[in-house]
Amino acid sequence: MQRRSFLAGAAALASAGRAFAQGVGRGEIVLGQTADFSASRAAIAKAYAQGAALHFDKVNAAGGVNGRRIRVAQLDDAYDTPRALDNARELVERRQVFALVHSVGTGITGRLLPYVDEQGVPHVHPLTGADQVRPPMHTSAQTFFLRASYGREVERIVEQLHTLGIRRIALVYEDEPFGHGIRDAVQAAMKQRGGTPAALGVLPFNQANEAAVAPAVAAVARGEPAAVIVGSAGPSVEHFIRGYRAAGQGAQLYCLSVSNVERLHKALDHLSRGIVVAQVMPPVQTSNLPVVRDYRAAVAARAEPGGTFGLEGYISAHMIVQALHAAGREPTRAAFVQALASPALTHVGGFPVRFRSEPREGSPYVNLAIVGPGGKLVQ
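Residues numbered from 1 in each chain as written. Predicted model: local features only at pLDDT ≥ 70, side-chain atom pairs only at ≥ 80, totals over all residues. Heavy atoms only, no water.

## Regarding the sheet that holds strand 10 (residues 276–279)
If you trace the seven strands from one edge of the open sheet to the other, you get 7-6-8-9-10-13-14, paired in mixed fashion. Of all strands in the sheet, those with a lone pairing partner are strand 7 (199–203) and strand 14 (377–378), marking the two edges. Of the pairings in the sheet, the one linking strand 8 (residues 227–231) to strand 9 (residues 252–255) comprises four bridges and is parallel in character. For Ala227, the partnering residue across the bridge sits in strand 9 and is Gln252. (Pairing = 2+ DSSP bridges. Helix = DSSP H or I, 4+ residues; strand = E, 2+ residues; numbered from the N terminus.)

Structure representation (structure tokens):
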């Protein structure tokens, strides 16, 4: 009797060990996140993670996914690519997480793509719109994007400027893979319409201070543009805008979705008014889509500040939970990837989350809004 009990216990432990090897235990599913929680993209990464946590916490409070709570193991990479790859190895090879989620940055995503394919680990919704790391330019069997590409954002901005008759368009971008992708997209969109940028301003990588942006301010001002596309993220955006306005320049400013509207208004106050910002998520305060209403309710219940990056994280977590349910009571990584690629998963609470033709590319949603009084976006 004791021998039978021992063998049954050993078998159960072995079974649990096999499940835990892919981040699935009896009581939890462990996801891993490497992201910038301390450097220039920290505000973005934290808001994205908090939005995701709102939905994961709601699911956990209701009993989890098939009785398993969702836990996210987080490591700070400080927006440093080698460190992010080391973090991914720690999470996948030593901590044995089920999937990697919500990495932040183009260069970091680019380094993770071959690694996740080599390891066979799902890589869900890295926060980048860079065309060079997503289909059709690059396809990873394990990677799924959520937000629309920067190419689509840039095309929407340049299209509007040409509709308004504005041809003298300058670009400021950060000297790293994200910024290079924006530069290429702007040049391609303008070339298609028979033009070239009136000026290019280059921001040094991951250096957010007034002295660092001064050369870019001067370069753009010399071009005398009617509009400036700011192809950066984090504090460098605010420093450039403040310096540009202090230099007496009045061109219309266009920012990408990663510029973080809440931070723009907080840092720039009245200087943020009138800035046009590309949006890859529906408006948080005014949208009537069910998933946005749910997000507003979750934010209000926690008395937390809501925002576009929080909403994006919330929608991502919603998709992850749906895919985990679809992967079955004993989910595997392969079943999870299959669920994320399912033709049925095209909308979440009314929001389009992907293209039917390419499930890994991301949402087609892009809109433009202008920062109004009090930092509110006006469509």
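Structure shown, so let's carry the discussion forward.
## Some remarks on the pairing of strand 2 (residues 69–76)
The side chains of a regular strand alternate, first on one face of the sheet and then on the other. Taken together, the eight bridges between strand 1 (residues 28–35) and strand 2 define a ladder with parallel strand orientation. Bridging across to strand 2, Thr34 finds its partner in Leu75. Handedness of the crossover joining strand 1 and strand 2 through helix 2 (residues 42–61) is recorded here as right-handed. (Right-handed = clockwise from strand over helix to strand, strands pointing away.)

## Describing the pattern of salt bridges
One pass over the structure, following the stated rule, counts 17 salt bridges. Two residues, Glu176 and Arg41, come together in a salt bridge whose shortest N-O distance is 3.8 Å. One end of the pair, Glu176, is in the loop between strand 6 (169–174) and helix 6 (177–192); the other, Arg41, is in the loop between strand 1 and helix 2, and 135 residues separate them in sequence. Residue Asp76 pairs with Arg83 through a salt bridge whose shortest N-O separation is 3.8 Å. (Salt bridge = Lys/Arg side-chain N within 4 Å of Asp/Glu carboxyl O.)

## Let's talk about the packing of aromatic side chains
Taken as a whole and judged by the stated rule, the model has six aromatic pairs. With a centroid separation of 5.1 Å and an interplanar angle of 55°, the aromatic rings of Tyr150 and Phe178 are classed as tilted. Of this pair, Tyr150 sits in helix 5 (residues 150–163) while Phe178 sits in helix 6, and the two are 28 residues apart along the sequence. On the accessibility criterion, Tyr150 (4% relative accessible area) is buried. For the ring pair Phe240 and Tyr244, a centre distance of 5.5 Å and an interplane angle of 15° mean the geometry is stacked. (Phe/Tyr/Trp six-rings, centres within 6.5 Å; stacked < 30°, edge-to-face > 60°. Buried < 20%, exposed > 50% of the residue type's maximum accessible area, 1.4 Å probe, protein only.)

## Notes on the pairing of strand 6
When you tally the buried positions in strand 6, you get six out of six residues, the bulk of the element. Here strand 6 shows a buried face lined by Ile169, Leu171 and Tyr173 and a second buried face lined by Ala170, Val172 and Glu174. Of the pairings in the sheet, the one linking strand 6 to strand 8 comprises five bridges and is parallel in character. If you follow Leu171 over to strand 8, its bridge partner there is Ile229.

## Some details on the packing of helix 11 (residues 308–326) against helix 12 (residues 333–340)
Following both chains from N to C, one finds helix 11 and helix 12 inclined at 120°, their axes separated by 8 Å at the closest point. Taken together, helix 11 and helix 12 sit at an angle that is classed as oblique. Like other packed secondary-structure pairs, helix 11 and helix 12 cross with a definite hand, here right-handed. Counting all contacts with helix 11, which are made through Met319, Ile320, Ala323, Leu324 and Ala326, the residues of helix 12 involved are Phe336, Ala339 and Leu340. Looking at the contact of helix 11 with helix 12, its residues break down into eight nonpolar, no polar and no charged. (Axes fitted to C-alpha atoms, helices over the stretch in contact; angles between N-to-C directions. Parallel < 35°, antiparallel > 145°, perpendicular 65-115°, else oblique. Left-handed = near helix turned anticlockwise from the far one by under 90°. Contact = heavy atoms within 4.5 Å. Nonpolar A, V, L, I, M, F, W, Y, C, P; charged D, E, K, R; others polar.)

## Let's talk about the sheet that holds strand 2
Across the sheet, which stays open at both edges, the five strands sit in the order 2-1-3-4-5 with parallel pairing between neighbours. Since the sheet does not close on itself, it has two edges, and those belong to strand 2 and strand 5 (143–144), each with one partner. Contacts from helix 2 reach strand 1 and strand 2, with the element oriented near 160° to strand 2.

## Concerning the side chain of Gln142
Mapped onto the elements of the fold, Gln142 is located in the loop between strand 4 (123–124) and strand 5. Apart from the residues lying within four places of it in its own chain, the contact partners of Gln142 are Val116, Asp117, Gly120, Val121, Pro122, His123 and Val337.

Remember, this is a structural readout, not a statement about activity or role.
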